[in-house]
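Structural overview
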2 protein chains.
Amino acid sequence: MLPQDALQCGKEQNLIRVISEYAAKRAQEIGAENVFNFSIGNPNVPAPEIVTETLIDILNTVPPAQLHSYTPAPGLGWVREAVAEDLNRRYGTSYTASDLYLTAGASAALAIVMKAVLLPGDEVILFAPYYPEYAVYGECFGGRIVKVNCRGADFQIDLEALEAAITEKTKIVVVNSPSNPAGTVFSQETITALSDLLRRKQDEVGHPIYILADEPYRELVFDDDMTLPFLPNDYDNTIYTYSYSKCLSMPGERIGYILVPPKAAEAENLYASVCGAGRILGYVNINTLFQYMLPKVLDKTSDLSIYKTNRDLLYSELTKYGYEMAKPEGAFYLFLKSPEPDDLAFCERAKQFEVMLVPGTVFGYPGYARLSYCVDTDTIRRALPAMEALMKTYTE
Amino acid sequence: MLPQDALQCGKEQNLIRVISEYAAKRAQEIGAENVFNFSIGNPNVPAPEIVTETLIDILNTVPPAQLHSYTPAPGLGWVREAVAEDLNRRYGTSYTASDLYLTAGASAALAIVMKAVLLPGDEVILFAPYYPEYAVYGECFGGRIVKVNCRGADFQIDLEALEAAITEKTKIVVVNSPSNPAGTVFSQETITALSDLLRRKQDEVGHPIYILADEPYRELVFDDDMTLPFLPNDYDNTIYTYSYSKCLSMPGERIGYILVPPKAAEAENLYASVCGAGRILGYVNINTLFQYMLPKVLDKTSDLSIYKTNRDLLYSELTKYGYEMAKPEGAFYLFLKSPEPDDLAFCERAKQFEVMLVPGTVFGYPGYARLSYCVDTDTIRRALPAMEALMKTYTE
């Protein structure tokens, strides 16, 4: 009597959330200091002080009837203009407010784009391992998910496999860099080659293939010499989504955007379709208090240096214990090779050591497990003996 | 190449918003004091002071890494518990946190319920005139909209017409009281009769027919002697949605909930399906700052007395000028009979007097126009000569 997809999605729940809630329960039972919750991408460093200061200042100065009123659905014009200017300053572009649609975080942005673009039967290519909600959104709106495995050694895009997977039905290719769950950063060379390939395939199939860029981790690249390509500058048919959750450490507040570059195919219709999709999915406008805040914090981040410290510590120590992994170049995730083929069994065994990991199966990539290291470095230090003991159950 | 429903919805836009944006443009051109914007339901009275105080207090006392972090998707347990207790105190019920799912306002709640309940071909009954987004959400998720006109004189439910419209495909009946756009309050007698009818029809068709109650105007009933029925107490299969937008004057901040009463048919699955639908539509959790605020303001409202003042003034004066309307008993809307059959032409003519009204056609009820009087009383006083002059173009 009820729709199977909604029922199923609600019953299964998001497994990442389930593990995270188990960790919270264990913390109550045995003390938070004895639980090593590496399950969820919830930043541990606080939002920068300017966030609190700005919010209080707005509350003290903007009259409430104005501050809390409806805004245009894509967001206040002057707020979107500020976001456009910030992009233009960073990437040498010339976007305006009317290219932007503010969203309640990246999830809303992704769901809205899928609804705005997909016709039943259209194919969405995901590079595995991938964030599982891509498939949830894509399938809900009639899309068929086509999985293309990354190259196992470094989790870079396997261009040959991608080329083989593209059909006349291909409509969207999701690109997430730095990536969740592997922390991979796609280099300029990779993106150039990807763009060339997609342009060629577009001509072959005779219709636009959109890149859906999902880049909430873009401020989190560890190598200072590495410049993250800005995809709309390489590939015209890029629909670009961003969230301020991770770099400002405020994932609960839901602030992000969709950029529809004017160069994209059918850009005007595409933007209208994004507006229509937002309306259909029940989005009215993102919270006005946070719209007012946004222009003041566009070039700010939390202190992100801890993530590099954590990455270095984990990579060097876990490697010593015998774990195998690609060295992450960004985000705050490690993707460990499971010491046994069954990653679910491995993650269950890790729980016995109070270590919470997420099985690679969740990300469409069995045989691995994700470790989120957006925790304080001391937690990692205390977890290392548990990680070592866990590996010893396989090697001794 | 793009889905027609999203494209259409984006191009048409919400006509109410379009008129409201026209009003803003006119205000810039000729001065806000010369524009009588009765188009949008954006409360003019400020949020109660406790809203600002509470938000600042939370920002000053809760550590940012905690305050702005992810919460469980349905909302923080202690916040939902507080909402449940508030309902229990008001309505003698015994709900708990696990019956509630916090939403980004009423629109999100309605879209989520439609997605959670509807199978392709299921019918959704709307009492016309109705808030147009009901049809947008219902149709997007495969529902077929069945329109049942209210009784013209008082806009009460026409039970005979409803009975005739119910089929084996009927899955949802939307009940909105006090209503937008007519300001109608459904009495206890009406709701009792409606419940009896639906129970009988449920038995006939052999499956649950859910009432989807949409009651954001619940605190806005003008007659102190009138008690608004609480639908889940009358009819078990009620899915109840609420928003704090209107009574707290903060429509831009998106705070509401879905209540799935444990007595409802398939309640456990229904709640799971609501969670799944929220996930599918890209909702993660409602903004955490406002979750923290909610328990402190549950029994507070803005100063709502102005709306009764406005209603009384408008009803008495407009009637004198020759306008026909049912006297609204709640919300902040008047539904005027158009002096000419074509309500779109009437609203265009009103614009010449700088009066912004929304055609009844938008609400599935041609020949009428909605006047939103959530404006200050002085604006109404200044608008009266324009309303009189407008009517005179028809009568002189």
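I will try to describe carefully the structure that is included in this document.

Taken as a whole and assessed by the stated rule, the structure comprises 40 aromatic pairs over all chains. Centroid distance A:Tyr242 to A:Tyr257: 5.7 Å. Interplanar angle 40°. Geometry classified as tilted. Of this pair, A:Tyr242 sits in strand S7 (residues 238-243) while A:Tyr257 is found in strand S8 (residues 256-259), placing the two residues 15 residues apart along the sequence. With respect to burial, A:Tyr242 and A:Tyr257 carry one shared label: buried. Geometrically, the ring pair formed by B:Phe230 and B:Tyr240 is tilted, given 4.9 Å between the ring centres and 50° between the ring planes. Here B:Tyr240 lies in strand S7 (residues 238-243) and B:Phe230 lies in the loop between strand S6 (210-214) and helix H10 (231-234), a separation of ten residues in the sequence. Its relative accessible area of 0% is what places B:Tyr240 among the buried residues. Directly above the aromatic system of B:Tyr394 lies the positively charged group of B:Arg349, at a separation of 4.0 Å from the ring centroid. One residue, B:Lys351, lies across the ring of B:Tyr22, its end atom 4.5 Å from the ring centre.

Another point: the relation of the copies chain A and chain B. Once chain A has been moved 0.0 Å along the axis and rotated by 180°, it coincides with chain B to within an RMSD of 0.0 Å. Look at the turn and shift together and you get a two-fold axis relating the two.

What follows covers the sheet that holds strand S3 (residues 123-128) of chain B. All names here are of chain B. Spatial ordering of the open sheet is given by S2-S8-S7-S6-S5-S3-S4, a layout of seven strands whose pairing is mixed. Because the sheet does not close on itself, it has two edges, and the strands there are strand S2 (100-103) and strand S4 (144-149). Neighbour-to-neighbour, the strand axes of the sheet open up by a mean angle of 20°, direction not taken into account. Note that strand S5 (residues 170-175) and S6 share four bridges and pair parallel. Bridged to Ile 172 within S6 is Tyr 210. The strands touched by helix H5 (residues 77-91) are S2 and strand S8 (256-259); relative to S2, the strand with the most contacts, the crossing angle is about 110°. Across the face of the sheet, helix H6 (residues 105-117) comes into contact with S2, S3, S5, S6, S7 and S8 while running at roughly 155° to S7.

Turning next to helix H1 (residues 4-12) of chain B. Residues spaced three or four apart along an α-helix face the same direction, because each turn holds 3.6 residues. The complete set of buried residues in H1(B) reads B:Ala6, B:Leu7, B:Cys9 and B:Gly10. For H1(B), the angular spread of the buried residues around the axis is 165°, confining them to a single face. H1(B) presents B:Gln4 and B:Lys11 as exposed residues on the side facing more than 90 degrees away from its buried surface. Elements that come into contact with the buried residues of H1(B) comprise helix H6 (105-117) and helix H11 (267-280) of chain A together with helix H7 (133-140) of chain B.

This part is about helix H15 (residues 377-395) of chain B. Residues and elements named next belong to chain B. The terminal C-alpha atoms of H15 lie 27 Å apart, and with 19 residues this matches the ideal 27 Å at 1.5 Å per residue to within 8%. Residue Ala 383 marks the point of greatest curvature in H15, where the axis turns by about 35°; the proline Pro 385 follows within four residues. All of the buried residues in H15 are Thr 377, Thr 379, Ile 380, Ala 383, Leu 384, Ala 386, Met 387, Leu 390 and Met 391. Packing partners of the buried residues in H15 comprise strand S1 (36-37), helix H13 (305-321), strand S9 (333-337), helix H14 (343-351), strand S10 (355-356) and strand S12 (368-372).

The next thing to look at is the side chain of A:Ser179. Residue and element names in this part refer to chain A. Its place among the elements puts Ser 179 in the loop between strand S5 (170-175) and helix H9 (188-205). On the basis of relative accessible area, Ser 179 is assigned to the buried category, the value being 7%. Not counting the four nearest positions on each side in its chain, Ser 179 is found in contact with Thr 184, Ala 331 and Tyr 333.

The next subject is the sheet that holds S12(B). All names here are of chain B. With antiparallel pairing, three strands are arranged side by side in an open sheet as S9-S12-S11. Only two strands of the sheet have a single neighbouring strand rather than two, namely S9 and strand S11 (358-359). In the sheet, S9 pairs with S12 via five bridges, with the strands oriented antiparallel. Looking at S12, one finds that Phe 335 is bridged to Arg 370.

A few words now on the pairing of S5(B). Residue and element names in this part refer to chain B. Burial analysis of S5 places six of its six residues in the buried class, the great majority of the element. As paired strands, S3 and S5 are joined by four bridges and run parallel to one another. Pairing of Val 124 across the sheet is with Ile 172, part of S5. Viewed along the sheet, the connection from S5 through helix H9 (residues 188-205) into S6 turns out right-handed.

So, how was this worked out
Residues numbered from 1 in each chain as written. Chains lettered and ligands numbered in written order. Predicted model: local features only at pLDDT ≥ 70, side-chain atom pairs only at ≥ 80, totals over all residues. Heavy atoms only, no water. Phe/Tyr/Trp six-rings, centres within 6.5 Å; stacked < 30°, edge-to-face > 60°. Helix = DSSP H or I, 4+ residues; strand = E, 2+ residues; numbered from the N terminus. Buried < 20%, exposed > 50% of the residue type's maximum accessible area, 1.4 Å probe, protein only. Lys NZ or Arg CZ within 6 Å of the ring centre and 35° of its normal. Least-squares fit on C-alpha atoms with pLDDT ≥ 70 in both. Pairing = 2+ DSSP bridges. Axes fitted to C-alpha atoms, helices over the stretch in contact; angles between N-to-C directions. Contact = heavy atoms within 4.5 Å. Arc of directions from axis to C-beta. Expected span 1.5 Å × (residues − 1). Bend = angle between axes of the 7 residues up to and from the residue. Right-handed = clockwise from strand over helix to strand, strands pointing away.

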